[in-house]
Amino acid sequence: MTKAIGIDSNLLATNVCETGVSPVEAAWVAIRTGLRKTIGARTFDGWLKPLTLMGFESESGELRLAAPSSFMANWVETHFHEHLLQAWRAMLPGVRRLTVEGSAEAARSSEAPVAQIAEITPLPAAPAAPLVAAGDSTPFEPRYNFDTFVVGKANEVAYNAARTMAEGGTLGFNPLFLHGGTGLGKTHLMHAIGQDYLAHHPKARVVYMSAEKFMFEFVSAMRAKDTFSFKQWLRSADVLMIDDVQFISGKESTQEEFFHTMNELISAGRRLVISADRSPQDLDGIESRILSRLSWGLVADVNPADFELRLNIIVKKLENMPQANVPHEVVMFLARRISANIRELEGALNRVVAYAMLSGKPIDMEFTQTTLADVLRANQRRVTIDEIQRRVCDHYRIRHAEMSSARRAREVARPRQIAMYLAKQLTPRSLPEIGRRFGGRDHTTVIHAVRQIEKLRATDAELDADVRLLLRQLEG
Ligand code: ADP
Ligand code: MG
């Protein structure tokens, strides 16, 4: 199954010996299956099925695909680039760029010869670059709706605001400014707003586009000396959503135009949703009058998901994968360890499931750890002994100095043992090193503490609950 293609050797080395398939190939199979469902079998078979995987370069994050002809490569690039890139990123977060080249070799090896293409019903003309929805055509990702969005403490403000935006009643705020780190659900919420609003107002015009697209369109209009119709078009939107506006900041003429338009839309009572990877105050080079305009609206941050939310998200995603048999232990493990963002969490789950299907192996802890070795490494949070000591002291309300003191009273000795135990579990430090950090104790004292806590965890439910809570807090 391993063809001589430029697949990244690190990734290969991680997993290929285990299952005989590289993660990149496994991802490709899963992506094809997923895309066939989301974009429809006809479109898929016509345009995407003939694509072949050429290689992945982990340094640059470039993933290369090939189509049987340059015409097809072109078509795929213009119509499916974003779709493919998103799908790849969800499976392999390391993919940053995607190229589709026209290749004679791909034509020969592909199942769909070029001659067949003429028979394929042409796709409906794709809308010009920006995603515009009016009436029956919706350009939104169907999976990104409110039902599939799991709500928790980290995102409830943003979620409630998004729902209010979508309902279409009187708004107490406008614009809605969503901000938060990458992969936390901002785009998902925007697509959900768009789809929900259209469900309530089928005749409405909902415009969604990335800030990059906005700039591209604007600059093209300027070149063609026709910014008027571009502006008209923007202003005709009932809902205008611009994703990732951090890319607009600092680019003067586009910024000016964007915020000017924003102002007009708000004054005209149109709905505006903006997202960025940081708060309005932290956007570079945005004029203060624009900032104050932004703050009239609702600024909602989307925070990194806590353990509970991560767990609920996995459970929800598994509801839609009835064929996947993922044991409870693995679900907990993923929720605990993949904490960077939800895109990665989702990608990790997809990868494990796809990979198990391909290799015919059951999903257990060992399989999960091997399959996700690279993602797990990247998600490893460096917990320090100092951090552990502070958390434990906070929890038991004792002074930090007690961690190093010679006092043996139970109320300080037990927390000290717990801290040593956690240091052993969560840091790569050796026993003598840990002993040194606890007031110069001997390594045998540390061993004793670790054994003692292990024993107590099995018999003392209250202590076990404390340890679990601390583990969760420290692992993020
Ligand atoms: P952002 O735009 O903030 O970078 P996305 O909206 O693209 O993030 O989300 C990344 C992935 O994580 C998407 O596939 C999305 O469906 C999923 N996701 C994020 N938050 C949630 C959530 N609360 N519930 C379910 N899926 C989520
Ligand atoms: Mg996004």
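As shown above, the structure is provided for reference.
On a predicted model such as this, the values are computed, not experimentally measured, just so you know.

Draft legend 1. Up close: the overall build of the protein. Of regular secondary structure, the protein possesses 21 helices and nine strands. Looking at the 476 residues of the protein, the share that counts as buried comes to 49%. Nonlocal contacts in the protein, meaning residues at least 24 apart in sequence, comprise 73% of its contacts between residues at least 6 apart. Roughly 23,300 Å² of accessible area belongs to the protein as shown, and the carbon and sulfur atoms make up 51% of that amount.

Draft legend 2. Examining empty space enclosed by the protein more closely. Overall, the coordinates contain one cavity of 30 Å³ or more when judged by the stated rule. Of the voids in this model, the largest cavity is the one considered here, and its volume is about 40 Å³. If you trace the largest cavity, you find it lined by Glu256, Phe259, His260, Asn263, Arg289 and Ile290. Mapped onto the lining of the largest cavity, the elements with two or more residues apiece are α10 (252–267) and α11 (288–295). The greatest single-element share of the lining of the largest cavity, amounting to four residues, is contributed by α10. Per-class residue counts for the lining of the largest cavity are two nonpolar, two polar and two charged.

Draft legend 3. Summary view of helix α2 (residues 23–39). With 17 residues, α2 ought to run about 24 Å at 1.5 Å a step, and its terminal C-alpha atoms sit 23 Å apart, in line with that. Considered for burial, the residues of α2 that qualify are Pro23, Val24, Glu25, Ala26, Ala27, Trp28, Ile31, Arg32, Leu35 and Ile39. Immediately downstream of α2, the backbone of glycine 40 shows phi near 95°, a positive value.

Draft legend 4. Structural detail: the packing of aromatic side chains. Summed over all chains, the structure comprises nine aromatic pairs. Note on tryptophan 28 and tryptophan 88: the rings are 5.7 Å apart at their centroids and 15° apart in plane angle, and the pair reads as stacked. Placement of the pair is tryptophan 28 in helix α2 and tryptophan 88 in helix α4 (residues 70–91), with a sequence separation of 60 residues. Of the two residues, tryptophan 28 and tryptophan 88, both sit in the buried class. Members of the aromatic cluster, each reached through a chain of ring pairs, are Phe214, Phe218, Phe230 and Trp233.

Draft legend 5. View of the environment of glutamine 246. Note that glutamine 246 resides in the loop between β7 (239–243) and α10. In the structure, glutamine 246 is positioned 33 residues away from serine 279 in sequence and 9.4 Å away in space, judged by C-alpha atoms. Polar side-chain contacts of glutamine 246 include one of 3.1 Å to the backbone nitrogen of aspartate 277.

Draft legend 6. Quick peek at the site of ligand 1. Close to ligand 1 lie 18 residues; Val150, Gly183, Thr187, His188 and Glu346 are nearest. Threonine 187 has a polar side-chain atom sitting 2.8 Å from an oxygen atom of ligand 1. Across the complex, the protein chains shield 96% of the 560 Å² of accessible surface that ligand 1 would expose by itself. Among the elements of the structure, α7 (186–200), α12 (307–319) and α14 (342–359) are those that each provide at least two residues to the shell around ligand 1. Counting only domains with at least three residues in the shell around ligand 1, you end up with domain 2 (146–301) and domain 3 (307–378).

Thresholds, definitions, all that
- Residues numbered from 1 in each chain as written.
- Chains lettered and ligands numbered in written order.
- Predicted model: local features only at pLDDT ≥ 70, side-chain atom pairs only at ≥ 80, totals over all residues.
- Heavy atoms only, no water.
- Helix = DSSP H or I, 4+ residues; strand = E, 2+ residues; numbered from the N terminus.
- Buried < 20%, exposed > 50% of the residue type's maximum accessible area, 1.4 Å probe, protein only.
- Contact = heavy atoms within 4.5 Å.
- Areas by Shrake-Rupley, 256 points an atom, 1.4 Å probe, with all protein chains shown as cover.
- 1 Å grid on protein atoms, 1.4 Å probe; cavity = no way out; pocket = protein on both sides within 12 Å on 5 of 7 lines; lining within 4 Å.
- Points joined across faces, edges and corners; volume = space filled by probe spheres on them.
- Nonpolar A, V, L, I, M, F, W, Y, C, P; charged D, E, K, R; others polar.
- Expected span 1.5 Å × (residues − 1).
- Phe/Tyr/Trp six-rings, centres within 6.5 Å; stacked < 30°, edge-to-face > 60°.
- Polar contact = N/O pair within 3.5 Å; in protein donor to acceptor, adjacent residues only side chain to side chain.
- Near = heavy atom within 4 Å.
- Domains from an automatic or database assignment.

The values reported here are purely geometric and, on their own, carry no functional implication.
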